[in-house]
Amino acid sequence: MESEHDSAVSLLAESLSDPWGAVSASCYDTAHVVRAWARGTGRVPDELGRSSLRYLLRNQNPDGSWGPTAVPADYRALPTLAAICGILAVINAAPALEADELAGPVRLALERIAHDLADLDPDLLPDLTAIENLLPALLGEVLEHLDSGPARWPMRERIAQALARCGPWRDGLAKLRAHAADGGPIREQLYYTWELFDLPECTPPTPATGHVGGSPAATAAALARASNPWPEAVDYLSHGARVLDGGQPHTAPIPVFDRVWVLTSLLRSGFTPSYEDREQIVEYLRSQLAPEGLAAGVGLPIDSDDTAAVLFLLSLLGADADPTCLLTFEADTRFTVYHAVERTPSVSTNAHVLEALTAAANVDPGRTRLRTAAAKAQAFLLDTQLDDGSWVDKWHASPFYATACAALALDYADRAGSVMSLRRVIDWLLDSQRPDGAWGTWCGTLEETAYAVQLLRLIGRHHRGAAVTTAADRGHRFLLEGVMASAHDPVRTPMWQLKELYQPTRIVAANVLAAVRLGHHAPRHDRWM
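Residues numbered from 1 in each chain as written. Predicted model: local features only at pLDDT ≥ 70, side-chain atom pairs only at ≥ 80, totals over all residues. Heavy atoms only, no water.

Here we look at the overall build of the protein
Argument step 1. For the protein, the helix and strand inventory stands at 20 helices and 4 strands.
Argument step 2. For 529 residues, the compact-globule estimate of 2.2 N^0.38 gives 24 Å, and the C-alpha radius of gyration of the protein, at 23 Å, lies within 12% of that figure.
Argument step 3. Projected onto its principal axes, the C-alpha coordinates of the protein cover approximately 70 × 50 × 45 Å.
Argument step 4. Taken over 529 residues, the protein has a buried fraction of 60%.
Argument step 5. Counted over contacts in the protein with a minimum sequence separation of 6, partners at least 24 positions apart contribute 72%.
Argument step 6. About 20200 Å² of surface is accessible on the protein, with carbon and sulfur atoms providing 53% of the total.
Argument step 7. Taken together, the 45 basic and 65 acidic charged side chains of the protein have centroids lying 2 Å from each other. (Helix = DSSP H or I, 4+ residues; strand = E, 2+ residues; numbered from the N terminus. Rg over C-alpha atoms; globule rule 2.2 N^0.38 Å. Buried < 20%, exposed > 50% of the residue type's maximum accessible area, 1.4 Å probe, protein only. Contact = heavy atoms within 4.5 Å. Areas by Shrake-Rupley, 256 points an atom, 1.4 Å probe, with all protein chains shown as cover. Lys, Arg positive; Asp, Glu negative; His and termini not counted. Charge placed at Lys NZ, Arg CZ, Asp CG, Glu CD.)

Considerations on the layout of surface pockets
Argument step 1. Of the pockets and cavities examined, the largest pocket occupies roughly 1300 Å³.
Argument step 2. Lining the largest pocket are 44 residues; nearest its centre among them are Ala-487, His-488, Arg-492, Gln-503 and Thr-505.
Argument step 3. Of all the secondary-structure elements, those providing two or more residues to the lining of the largest pocket are helix 1 (4-17), helix 3 (46-58), strand 4 (501-502) and helix 20 (505-517).
Argument step 4. Considering every element that reaches the lining of the largest pocket, the biggest residue donor is helix 20, with 6 residues. (1 Å grid on protein atoms, 1.4 Å probe; cavity = no way out; pocket = protein on both sides within 12 Å on 5 of 7 lines; lining within 4 Å. Points joined across faces, edges and corners; volume = space filled by probe spheres on them.)

Details of the pattern of salt bridges
Argument step 1. Summed over the entire model, instances satisfying the criterion amount to 26 salt bridges.
Argument step 2. Between Glu-141 and Arg-35 there is a salt bridge, with the nearest N and O atoms lying 2.6 Å from each other. Taken together, the residues span a long stretch of sequence, with Glu-141 in helix 6 (residues 131-148) and Arg-35 in helix 2 (residues 27-38) at a distance of 106 residues. For the pair Glu-141 and Arg-35, one class covers both residues: buried.
Argument step 3. A salt bridge links Lys-499 to Glu-195; its shortest N-O distance comes to 2.9 Å. Note that Lys-499 is positioned in the loop between strand 3 (496-497) and strand 4 and Glu-195 in the loop between helix 8 (167-181) and helix 9 (216-225), a separation of 304 residues in sequence. Just as Lys-499 is buried, Glu-195 falls in that class too.
Argument step 4. Here the residues in one salt-bridge network are Arg-35, Arg-39, Glu-141, Asp-198 and Arg-225, joined through shared partners. (Salt bridge = Lys/Arg side-chain N within 4 Å of Asp/Glu carboxyl O.)

Observations regarding the packing of helix 6 against helix 7 (residues 156-164)
Argument step 1. Where helix 6 contacts helix 7, the two axes come as close as 9 Å, and the packing angle between them is 155°. With respect to helix 7, the element helix 6 is oriented roughly antiparallel. Handedness of the crossing formed by helix 6 with helix 7: left-handed. Counted together, Pro-136, Leu-139, Gly-140, Val-142, Leu-143, Leu-146 and Asp-147 of helix 6 and Arg-156, Ile-159, Ala-160, Ala-162 and Leu-163 of helix 7 form the full contact between these two elements.
Argument step 2. Residues that form the contact of helix 6 with helix 7 fall into these classes: 9 nonpolar, 1 polar and 2 charged. (Axes fitted to C-alpha atoms, helices over the stretch in contact; angles between N-to-C directions. Parallel < 35°, antiparallel > 145°, perpendicular 65-115°, else oblique. Left-handed = near helix turned anticlockwise from the far one by under 90°. Nonpolar A, V, L, I, M, F, W, Y, C, P; charged D, E, K, R; others polar.)

Things to note about the packing of helix 18 (residues 446-458) against helix 20
Argument step 1. Contact geometry of helix 18 with helix 20 gives a least axis separation of 8 Å together with a crossing angle of 40°. The angle between helix 18 and helix 20 places the two elements in the oblique class. In the crossing of helix 18 with helix 20, the sense of the turn from one axis to the other is left-handed. Of helix 20, the residues touching helix 18 (which contributes Leu-446, Glu-447, Ala-450, Tyr-451, Val-453 and Gln-454) are Val-508, Asn-511, Val-512, Ala-514 and Ala-515.

Quick word on the side chain of His-476
Argument step 1. Structurally, His-476 can be placed in helix 19 (residues 466-482).
Argument step 2. Classification of His-476 as buried rests on a relative accessible area of 8%.
Argument step 3. His-476 has contacts with Val-453, Arg-457, Ala-515, Val-516, Gly-519 and His-520, leaving out every residue within four places of it along the chain.

Concerning unusual backbone geometry
Outside of glycine, negative phi angles account for most residues, and trans bonds account for most peptide bonds.
Argument step 1. With an omega of 0°, the peptide bond running from Ala-252 to Pro-253 counts as cis.
Argument step 2. Along the chain, Pro-253 turns up in the loop between strand 2 (248-249) and helix 11 (255-268).
Argument step 3. Phi angles above zero are rare outside glycine, and Ala-130 is one such case at about 55°.
Argument step 4. Inspection of the secondary structure assignment puts Ala-130 in the loop between helix 5 (96-115) and helix 6.

Below, the structure is given as C-alpha cells:
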C-alpha cells in the first residue's frame, strides 16, 4: 500500500504534469455542447455531439434533474434547464424516431422543474456565478423551444411563470445583450459566460487559446456561431469529452489553480517536496506571474485570488516575489477578486491576500504599506465572521471551506490578535461534528471533514485541548474509511460553486491527504504549530 508521503509525491507529480487541471464533469457545460451541435452548423463534430448527448441521458437523476442529488434542488436548476435546452434543440432538429426516444427524459425534466417553482425563485437561489443572467436566459430559451417544437409540451405555463418572476434579472440580461449587440465591449470576466451572447447579432470571439474564458459552454456557443472553422475549439471540447467520458469540465484549463492549491495543502501537512519538484514549480509560477498578477490558466482573466495564492506559496518555498500587484485590487474595505465591480465579496480571496501580504511584510518589515493593506484584509475577515463562528464564500457552497481559509489566514497573520475569533471557530467545529465523525453541510463529506480536521490539528490545540484531539481523531477515522468510496458516493458531493457545483478533484484529494497526514506529522511551517 502506498505510503502517505508517496501519495503526496504522486499527487504533486500528477498536477505538475497536467496542463489542464483535474475538474469533475459538468452537466451544464455538456448540455451546451449538445445545444451547439443540434444547431446543425457542422462546426461541432457529430461524434462529439452524440457523445455529449449520451452523457446527459446517462447522468439524468431518477427525479428528472441533473446535478448532485445530495444537495438542495435549487443547486440543480441551472444544469437541469441547460440539459432541457440541449435535448429540446436536438428534438426540434432530429428525425421523428430520435425525437421520440428523447421525449421521455425531457418530459420528466420539465415535470421536475415545474413541480416546485421555489427552486427557481431569484430571492432564494444560491449565489452561483452569473445566476442573475443565466437563469432568465435559460428559461427564455426553454420557452422558445417549447413554442417552436413539433408537439405541445406540458408545463409551458409554469416555465413562463418562472421567467416572469425574474423580471429585474430579465431586464438586466436584455440590457447586457443589447450592449453587446450594438458592438459594445464585453468585460473580460464575462467571456466565461459568453453563451449569454449567443445571438445572431453578436460576433463570437475566436481566441488563439482555443477556448472562450475557460468555459466549454461559452466555447461551444462561440464555435457554433463562428463564421470560419475553429479547429482549436474542437480540439478543446474533444479533449474534455475524452477525459470525462463524453462530459465536459466545468472550467479548464486551470493548471495554476490546480498546482498551487495542491502543493499549499500538502505543505501545511508537513510535506516537503523534492528539490527538483520545488525548482520546477518555482520556475513555473515565476513564468506565469506578470507585473499585474496572474490567472488560474491561460486565457482566463487575472484575479487576486490566484495571484495571492501563488505569492504565498512562493514565500513558503523560500522564493519570495513582489506582492505590489495585489494592491491594485484594494477597495475601500476589502480586496476584490477582479479589477471590476463585484456583486458579492469573497472571504476566501481576502484570506489568501492576507496570507500573501503578511508573508511579504515579514520578509521586509519596513514596507508599512503592505502591513496596512494586510490589516484591511484582516479586518474584513473579522467583520464577516458569522455569529456561530463560521464564514461563507461565493466560491464554495460549504462554510467549512470559507472558514478554513479565513481561520488559517488569521492564525498565520496574527494569532494573538485573532484569538477570540479562532476560539469561536473551534467551538463551531466541535458543535457541528456529525455522529459518524464527519462534517458536512448536507451530508458528511470527505472534503468538508478534511477542512475541519486540518483546522483542529493546526489551530485547535491552542484552544480546547483533549476535546479537539478526540474530535480530530474521529474525523481522521472517517477519512480513512471513506477514501475508497466511489465517485458518486455522497461523501464525494461536489461543493465548489461556479455555474453549478463542481469539484476540483485533485485539490480535494490533496486536502483529504493533508488532513490524514496531520494525524501523523508536524505541520511544516512554525506559524501552523
